[in-house]
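So you can see what is in the structure, the chains are spelled out below.
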Amino acid sequence: SSADIPEIPESISFCRALQVADFSGNPLTRLPESFPELQNLTCLSVNDISLQALPENIGNLYNLASLELRENLLTYLPESLAQLQRLEELDLGNNELYHLPETIGALFNLKDLWLDGNQLAEIPQEVGNLKNLLCLDVSENKLECLPEEISGLTSLTDLLVSQNLLQVLPDGIGKLKRLSILKVDQNKLIQLTDSIGECESLTELVLTENQLQSLPKSIGKLKKLNNLNADRNKLTSLPKEVGGCCSLNVFSVRDNRLSRIPSEISLATELHVLDVAGNRLTYLPLSLTTLKLKALWLSDNQSQPLLTFQTDTDPETGEKILTCVLLPQMPSEPGCQDNLPRCGALESLVNEMSDETWNERAVNRVSAIRFLEDEKDEEDNEMRTLLRRATPHPGELKNMKKTVENLRNDMNAAKGLDSNKNEVNNAIDRVTTSV
């Protein structure tokens, strides 16, 4: 591999005992016609050689167990590929495949199939015949749906369908009892099938960047799930059943439209990381204090993951809740928040907002937190309650600090001038006295 070999000679076919061949990373564009005569070959790697087509009789390599064809220019697969009955690993990632032959379903011993980075608009239903398949990667294609027959992949542990055009997942996915990792990020999912709750072995579920407005109640059945990521969707609520995910370690719902977090989240006792930044939360459930959280993310600009909270009562429902100086938070100015990077958001806001903007707002600013007091009435003192006011956006807080620092610098400069004047006057007095 990577040896600047421009061509493989036809005479390679005389290497009858050859079992492993790796020509990856060479400036080749073809395999010799005699290549399939190497019938003892078990592993063939021809990644990244600008290969445009496979020999039509590639199926003659009937002992082949591993075939790597990643990063080439393949536009189709020959029918004889179905003759590779002993094939366990097939890597076709990053090619130009627009169509997958139905005969792919004849590769019964296949365990790993990589089809990522192609132009596939559909997967043939015959793929459901691959009973021994462990990993299927069809990421970065143009798939609008998955066949219902995917339910036949009863050995599947990893299903990767990121960066496609999927709006729904087939109900048959619930029959994948061994499925451990499911990545459906960067699609167009408008709903998640209820049958997802039947994937009893699922440990990682990635739903980032879709169009989901809700999660199914059945998600609470996923007792082995330890990582659930639904960032950048359109979630308006979370099902209380999410607390049933008793093995959940990381739960991230950043940048959604959530107004509250169900108190039942505390039932997920293994939860260590909770990311609810970029939502519309006005408070957090008091039950959150029972969790041993290592990180709680409330906003993109938060300087530390854990904050000191105070108990309070929601005036509308009477529910006991937790609050802190960041809740509730006033929205940023229109146009300032849409394109903020996850990191460095404060700096972006500071650069876009002038001191004058802050000064104009500061005139009518109310206190972020204050207590109702009536010193004349002791009973009222005992019933004193916390009034939660919307705190300034972190960008405004930073500008306030900047404004104060500028004022302090101006005052120090003024003091410096006064000090210099005093020194000059004292010097004149000393000269006058000595004269």
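See above for the structure.
Residues numbered from 1 in each chain as written. Predicted model: local features only at pLDDT ≥ 70, side-chain atom pairs only at ≥ 80, totals over all residues. Heavy atoms only, no water.

**Student:** Outline the overall build of the protein chain, listing residues and values.
**Tutor:** When helices and strands are tallied, the protein chain shows four helices and 18 strands. A buried classification covers 44% of the 435 residues belonging to the protein chain. Sequence-distant contacts, at least 24 apart, represent 28% of the contacts inside the protein chain between residues at least 6 apart. (Helix = DSSP H or I, 4+ residues; strand = E, 2+ residues; numbered from the N terminus. Buried < 20%, exposed > 50% of the residue type's maximum accessible area, 1.4 Å probe, protein only. Contact = heavy atoms within 4.5 Å.)

**Student:** Account for the nonpolar core, naming residues and giving values.
**Tutor:** Considering soluble globular proteins, one finds that nonpolar side chains tend to be buried as a cluster. Membership of the largest hydrophobic core comes to 93 residues, with the highest contact counts inside it found for Leu90, Leu182, Leu207 and Phe251. Setting aside residues up to four positions removed in sequence, Leu207 forms contacts with Val184, Asp185, Leu189, Leu192, Leu212, Leu215, Leu228, Asn229, Ala230, Asp231 and Asn233. (Core = buried A, V, L, I, M, F, W, Y, C linked by side-chain atoms within 4.5 Å.)

**Student:** Describe a negative patch on the surface, with residues and values.
**Tutor:** A contiguous patch of negative charge on the surface is contributed by Glu33, Glu56, Glu79 and Glu102. Position of Glu33 among the secondary structure elements: in the loop between strand E1 (20-22) and strand E2 (43-45). With a relative accessible area of 52%, Glu33 lands in the exposed category. (Patch = residues over 30% accessible without salt bridge, like charges linked within 9 Å, V, L, I, M, F, W, Y side chains within 5 Å. Areas by Shrake-Rupley, 256 points an atom, 1.4 Å probe, with all protein chains shown as cover. Salt bridge = Lys/Arg side-chain N within 4 Å of Asp/Glu carboxyl O. Lys, Arg positive; Asp, Glu negative; His and termini not counted. Charge placed at Lys NZ, Arg CZ, Asp CG, Glu CD.)

**Student:** How would you sum up the environment of Gln19? Please name residues and give values.
**Tutor:** Considering the arrangement of structural elements, one finds Gln19 in the segment before E1. Taking the C-alpha atoms as reference, Gln19 lies 8.4 Å from Leu44; in sequence the two are 25 residues apart. In this structure, Gln19 is in contact with Asn40, Leu41, Thr42 and Cys43, ignoring residues within four places of it in sequence.

**Student:** Could you give an account of the side chain of Asn164, naming the residues involved and the relevant values?
**Tutor:** If you trace the backbone, Asn164 turns up in the loop between strand E7 (158-160) and strand E8 (181-183). In this structure the side chain of Asn164 is engaged in a polar contact, spanning 3.3 Å, whose partner is the backbone nitrogen of Lys142. In this structure the side chain of Asn164 is engaged in a polar contact, spanning 3.0 Å, whose partner is the backbone nitrogen of Leu143. Other than its neighbours up to four places away in sequence, Asn164 contacts Val138, Ser139, Glu140, Asn141, Lys142, Leu143, Gln186 and Asn187. (Polar contact = N/O pair within 3.5 Å; in protein donor to acceptor, adjacent residues only side chain to side chain.)

**Student:** Could you give me a rundown of the pattern of salt bridges, with the residues and numbers involved?
**Tutor:** Evaluation of the coordinates by the stated rule reveals eight salt bridges. Of the charged contacts in the structure, one is a salt bridge between Glu10 and Arg30, with a shortest N-O distance of 3.9 Å. With Glu10 in the segment before E1 and Arg30 in the loop between E1 and E2, the pair connects residues that are 20 residues apart, well separated along the chain. Accessibility expressed as a relative area gives 37% for Arg30, which makes it partly exposed. Of the charged contacts in the structure, one is a salt bridge between Arg254 and Asp275, with a shortest N-O distance of 2.9 Å. Here the residue Arg254 occupies a position in the loop between strand E11 (250-252) and strand E12 (273-275), and Asp275 occupies one in strand E12, the gap between them amounting to 21 residues. For the pair formed by Arg254 and Asp275, the shared burial category is buried. When salt bridges that share partners are traced, they join Arg70, Asp91 and Asp116 into one network.

**Student:** Kindly report on the side chain of Ser45, identifying the contributing residues and their values.
**Tutor:** For Ser45, the position within the fold is in strand E2. Separated by 3.3 Å, the side chains of Ser45 and Glu68 make a polar contact. Once you skip the residues sitting within four places of it in the chain, Ser45 turns out to touch Ala21, Asp22, Phe23, Ser24 and Glu68.

**Student:** Could you give an account of the sheet that holds strand E15 (residues 310-313), naming the residues involved and the relevant values?
**Tutor:** Across the sheet, which stays open at both edges, the three strands sit in the order E13-E16-E15 with antiparallel pairing between neighbours. This sheet does not close on itself; its edge strands, each paired only once, are strand E13 (284-285) and E15. With two bridges connecting them, E13 and strand E16 (residues 320-323) associate as antiparallel partners. By the bridge assignment, Pro285 is partnered in E16 with Ile321. (Pairing = 2+ DSSP bridges.)

**Student:** How would you summarise the packing of aromatic side chains if you had to cite specific residues and measurements?
**Tutor:** Evaluation of the coordinates by the stated rule reveals one aromatic pair. Both rings, one in Phe23 and one in Phe35, keep their centres 6.4 Å apart while their planes meet at 70°; by these two values the pair is edge-to-face. Note that Phe23 is positioned in the loop between E1 and E2 and Phe35 in the loop between E1 and E2, a separation of twelve residues in sequence. As far as burial versus exposure is concerned, Phe23 and Phe35 are alike and both buried. (Phe/Tyr/Trp six-rings, centres within 6.5 Å; stacked < 30°, edge-to-face > 60°.)

**Student:** Before we move on, could you go through the environment of Ser151 and cite the residues and values that matter?
**Tutor:** Structurally, Ser151 can be placed in the loop between strand E6 (135-137) and E7. Here Ser151 falls in the buried class, since its relative accessible area comes to 18%. In this structure the C-alpha to C-alpha distance between Ser151 and Val127, which are 24 residues apart in sequence, comes to 9.9 Å. Excluding its chain neighbours within four sequence positions, the residues that come into contact with Ser151 are Gly172, Lys175 and Leu176.

**Student:** Can you explain the pairing of E15? Please cite residues and give values.
**Tutor:** Sheet topology places E15 next to E16; four bridges connect them, and they run antiparallel. Counted as the bridge partner of Asp312 is Ile321 from E16. Counted between consecutive antiparallel strands, the loop separating E15 from E16 contains six residues, among which Gly318 sits at a positive phi close to 75°.

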